Amino acid sequence: MRSFIFIAGILLLFSCKKEELSPVVYGLVIDKGNGLPIAGATVLLEKSEWIENEEVFIEMAQVTADLHGRFEINRSAGYEFVSSEMEFYRSIDHNRMPISPQRDLTLELSGQAWLQIRVLNVGEKAEDDLLLLYPRFIHTSPLPEIFNGGEIDQIVTGEVRANEIWNIRWRSFHNGVMDYHQEQAVCELGDTTFFLLTY
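Reading guide: rules and limits
- Residues numbered from 1 in each chain as written.
- Predicted model: local features only at pLDDT ≥ 70, side-chain atom pairs only at ≥ 80, totals over all residues.
- Heavy atoms only, no water.
- Helix = DSSP H or I, 4+ residues; strand = E, 2+ residues; numbered from the N terminus.
- Buried < 20%, exposed > 50% of the residue type's maximum accessible area, 1.4 Å probe, protein only.
- Contact = heavy atoms within 4.5 Å.
- Areas by Shrake-Rupley, 256 points an atom, 1.4 Å probe, with all protein chains shown as cover.
- Salt bridge = Lys/Arg side-chain N within 4 Å of Asp/Glu carboxyl O.
- Polar contact = N/O pair within 3.5 Å; in protein donor to acceptor, adjacent residues only side chain to side chain.
- Core = buried A, V, L, I, M, F, W, Y, C linked by side-chain atoms within 4.5 Å.
- Pairing = 2+ DSSP bridges.
- Phe/Tyr/Trp six-rings, centres within 6.5 Å; stacked < 30°, edge-to-face > 60°.

Undergrad: Can you break down the overall build of the chain residue by residue, with the values?
TA: Looking only at helices and strands, the chain has one helix and 14 strands in total. Taking all 199 residues of the chain together, the buried fraction comes to 35%. For the chain, restricting intrachain contacts to residue pairs at least 6 apart in sequence, the fraction spanning at least 24 positions comes to 61%. By element, 54% of the accessible surface of the chain is carried by carbon and sulfur atoms, the whole surface being about 12700 Å².

Here it is in structure tokens:
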């Protein structure tokens, strides 16, 4: 009986032992839009400190992802996080990740692109014509852009996520009749895509 208790105690001790952190971190940086690796992305190894009641992330080391988006980085002392950055990419909420016991990490970046919409009234014009445009640009109000009157020729530009199908929706009102429209656009990384909206 005593031998059983002793063995059970030893097993409990080992099961409660804190899992050691790997001295090397391996990971992958990918494009959130298409899941492809991002070659040449900068990977930062950071430490967290509290300064004046605010958490501040201090860069400890830096490496560059290879042609396959993979990286390897040595761990430093302290509470550590890994994040990444790249030209024409925007960090997303979970881009900065704590370094947990597992070795493999996947960091996601959202590609940046821009969409320029030209709104042009080419039909039978009336002063009470109305168009409500829902471009869904990033970091803009969900409320529609409103265009009143018959003589409309305006340009609206905003940031969108690259390499994703982007829905452009609008409603037009003419002589008391409402029409609903939707088109799609895919904007390439770092580029501005032009879209002509006529009604």
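Undergrad: Provide a residue-level description of the pattern of salt bridges, including the pertinent values.
TA: One side chain can pair with another of opposite charge once the charged atoms of both are near each other. Applying the stated criterion to the full structure yields five salt bridges. The shortest N-O distance in the salt bridge between R161 and E164 comes to 3.2 Å. A relative accessible area of 28% means that R161 is categorised as partly exposed.

Undergrad: Give a description of the side chain of N121 that names residues and reports values.
TA: Among the secondary structure elements, N121 is positioned in the loop between β8 (104-120) and β9 (130-134). Within the local environment of N121, its side chain forms a polar contact with the side chain of D129, the two groups lying 3.1 Å apart. With sequence-adjacent residues up to four places away left out, N121 is seen in contact with D129, G149, G150, I152 and Y199.

Undergrad: Outline the nonpolar core, listing residues and values.
TA: Judged by nonpolar contacts, the single largest core of 21 residues is most densely connected at L115, I117, V119, L131, L133, I168 and L197. Listing elements by their share of this core, those giving two or more residues are β8, β9, β11 (153-161), β12 (165-174) and β14 (192-198). Ranked by residue count, the leading element in this core is β8, at four residues. V29, F71, I99 and L109 belong to the second largest nonpolar core, which has 15 residues in total.

Undergrad: Mind laying out the pairing of strand β4 (residues 70-74), listing which residues take part and the relevant values?
TA: Burial along β4 is one-sided: F71 and I73 are buried, while R70, E72 and N74, pointing the other way, are not. Both strand β1 (residues 24-31) and β4 contribute to a ladder of five bridges, which runs antiparallel. Residue pairing across strands places V24 opposite N74, the latter belonging to β4.

Undergrad: An account of the sheet that holds strand β7 (residues 97-98) is needed here, citing residue identities and associated values.
TA: Taking strand neighbours across the sheet as the criterion, the four strands line up as β3-β2-β5-β7 in an open arrangement whose pairing is antiparallel. Each having just a single partner strand, β3 (54-64) and β7 make up the two edges of the open sheet.

Undergrad: Can you explain the packing of aromatic side chains? Please cite residues and give values.
TA: Taken as a whole and judged by the stated rule, the model has two aromatic pairs. Aromatic side chains F57 and F81 sit 5.1 Å apart centroid to centroid with 85° between the ring planes, which places their arrangement in the edge-to-face category. Residue F57 is located in strand β3, and its partner F81 is located in strand β5 (residues 80-85); the two are separated by 24 residues in the primary sequence. Take F57: its relative accessible area is 28%, and that puts it in the partly exposed class. A residue is classified by how much of its surface remains accessible, and F81, at 17% relative accessible area, is buried.

It is worth stressing that arrangement in space is one thing and function is another; only the former is reported here.
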